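Chains, contacts and geometry: an overview
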Amino acid sequence: MYYEPGVIPHGLKYDPFKSCVVPRPIGWISTLDRDGNHNLAPYSQFQNVTFDPPIVMFAANQDSKGVRKDSVRNAEDTGEFVWNMATWDLREAVNISAQELPRDVDEFERAGLEKLASRLVKPMRVKGSPIQFECTYLNTLRFPGNGVMGSADVVFGKVVAVHIADEVLDPDGLVDILKIRPIARMGYFDYTTVDSKFRMVIPGDQRALLGGLEGSPDKARAEAQTPG
Ligand SMILES: Cc1cc2nc3c(=O)[nH]c(=O)nc-3n(C[C@H](O)[C@H](O)[C@H](O)COP(=O)(O)O)c2cc1C
């Protein structure tokens, strides 16, 4: 089949677009508003953007009234947010924290979650989530969209502190993802969990490239050639 979004209909019962970009990691984002109210919400339009320094982004559509979402407003107003890893064990809490609630409702409490203080930023971390990033706000890209909810605010933040629970590091110091079982979004109301992995290394001995693939700033910097 073939379609052109907004031009040639797909003709299917359900729109396939979100099912084509899978699995999407979940940015479970905690923020504070200017009055100190806690906020927590999941964003599957989430990614790392680069690793040296580490930068992440989440993309928020508008709420059902066409208003910018709280996570965006809070990150912009306070200059900080925290990313929490969403796991199989925490899946129900992730879901509950997605409800569209008044600004002063604390989704940590609504979802029965305990808070952990952060070190460098004020928004709290989700206790029980095995990995959290403390982030400082960089900027927002806004894409005008169709309909009330279509416009997207893409928020970028620099990762200034990383917390990894000791029990999810294996004896070699690798993050044991299969132990964590992160959840990820697919299309429709479907999710998946990370339950398998395989290794593959780019052929050849291009060490800077491999340093980037591995996500090692030290190796990438040491092996890359200085321009000129
Ligand atoms: C797993 C999951 C992923 C979601 N991903 C997004 C997303 O990428 N962008 C978005 O605008 N809303 C997304 N939502 C909906 C938001 O979580 C929801 O609108 C929430 O109320 C926003 O809260 P906030 O206004 O406190 O930021 C997602 C919901 C779930 C359950």
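Below is a summary of the structure that appears in this document. (Residues numbered from 1 in each chain as written. Predicted model: local features only at pLDDT ≥ 70, side-chain atom pairs only at ≥ 80, totals over all residues. Heavy atoms only, no water.)

The next thing to look at is the sheet that holds strand β6 (residues 80-84). Ordered by their spatial adjacency, 7 strands build an open sheet running β3-β2-β6-β9-β10-β5-β4, and the pairing between neighbours is antiparallel. Taken across any chain shown, the strands that pair with only one partner, and hence form the sheet edges, are β3 (38-43) and β4 (46-51). In this sheet, neighbouring strand axes are inclined to one another by 30° on average, regardless of whether the strands run parallel or antiparallel. In terms of strand pairing, strand β2 (residues 27-32) meets β6 through 3 bridges, oriented antiparallel. Bridging across to β6, S30 finds its partner in V82. (Pairing = 2+ DSSP bridges. Helix = DSSP H or I, 4+ residues; strand = E, 2+ residues; numbered from the N terminus. Axes fitted to C-alpha atoms, helices over the stretch in contact; angles between N-to-C directions.)

With that settled, the discussion passes to unusual backbone geometry. With the exception of glycine, the majority of residues adopt a negative phi angle, and the majority of peptide bonds are in the trans configuration. Residue P23 is bonded to the preceding V22 through a cis peptide linkage, with omega at -10°. With respect to the helices, strands and loops of the structure, P23 is situated in the segment before β1 (24-25). A cis geometry characterises the amide bond from D52 onward to P53, with omega recorded as 5°. As for its position among the elements, P53 is in the loop between β4 and β5 (54-60). Positive phi values are uncommon outside glycine, yet R181 reaches one of about 55°. Position of R181 relative to the elements: it lies in the loop between α4 (177-180) and β11 (183-185). Its identity as a non-glycine residue notwithstanding, Y188 has a phi of 50°, on the positive side. Locating Y188 in the fold gives a position in the loop between β11 and β12 (191-193). Under the relative-accessibility criterion, Y188 is labelled partly exposed at 40%. (Buried < 20%, exposed > 50% of the residue type's maximum accessible area, 1.4 Å probe, protein only.)

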